[in-house]
Amino acid sequence: MSEENHIECCEDIEVHENLLQIVNEKMPSENELYDLAELFKVFGDSTRIRILFVLFEAEVCVCDLAEALNMTQSAISHQLKILKQSKLVKSRREGKSVFYSLADSHVRTIIAQGIEHIEE
């Protein structure tokens, strides 16, 4: 195993009860942890990330997204459904068109922090 992949472990087993108490008090519920993991799974698809980047710039309809990303409207709609279920995008109807936008500023913050992290 290379040195950079080696994980160091304690030589003696010593449980630090005071630290564990702090951790246990701050730990979110199992439901919250599950929901958070599910949210991050949504960010695990590059097509959905590309859609979010388009929506950073403007509110657009499915036709515009399909054209911008060189994909079918059906493929875009499938990804938008997932993003909408995860409350990352919202939609509004205008005549025969449906326009999509970011649900709130948190979406931009999550992506920006992710980019900042990978660029370190």
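So, here's what we can say about the structure. Everything quoted here is computed from the prediction, not taken from an experiment.

**Remarks on the pairing of strand S3 (residues 97–102)**
Pairing of strand S1 (residues 60–61) with S3 involves two bridges; the strand directions are antiparallel. Bridging from a neighbouring strand, Cys61 pairs with Phe99 of S3. Looking at chain direction, strand S2 (residues 89–94) and S3 are connected through six bridges and run antiparallel. Within S3, the residue paired with Val89 across the bridge is Leu102. Two successive antiparallel strands, S2 and S3, enclose a turn made up of two residues, where Gly95 displays a positive phi of approximately 65°.

**What to know about the pattern of salt bridges**
Under the criterion given, the structure shown has three salt bridges. The partner of Lys41 in a salt bridge is Glu38, and the shortest N-O contact between them spans 2.9 Å. Of this pair, Lys41 and Glu38 both sit in helix H2 (residues 30–42), three residues apart, which is roughly one turn of the helix. With a relative accessible area of 28%, Glu38 lands in the partly exposed category.

Quick notes on the rules
- Residues numbered from 1 in each chain as written.
- Predicted model: local features only at pLDDT ≥ 70, side-chain atom pairs only at ≥ 80, totals over all residues.
- Heavy atoms only, no water.
- Pairing = 2+ DSSP bridges.
- Helix = DSSP H or I, 4+ residues; strand = E, 2+ residues; numbered from the N terminus.
- Salt bridge = Lys/Arg side-chain N within 4 Å of Asp/Glu carboxyl O.
- Buried < 20%, exposed > 50% of the residue type's maximum accessible area, 1.4 Å probe, protein only.

Without other data, these values stay purely geometric and don't point to any function.
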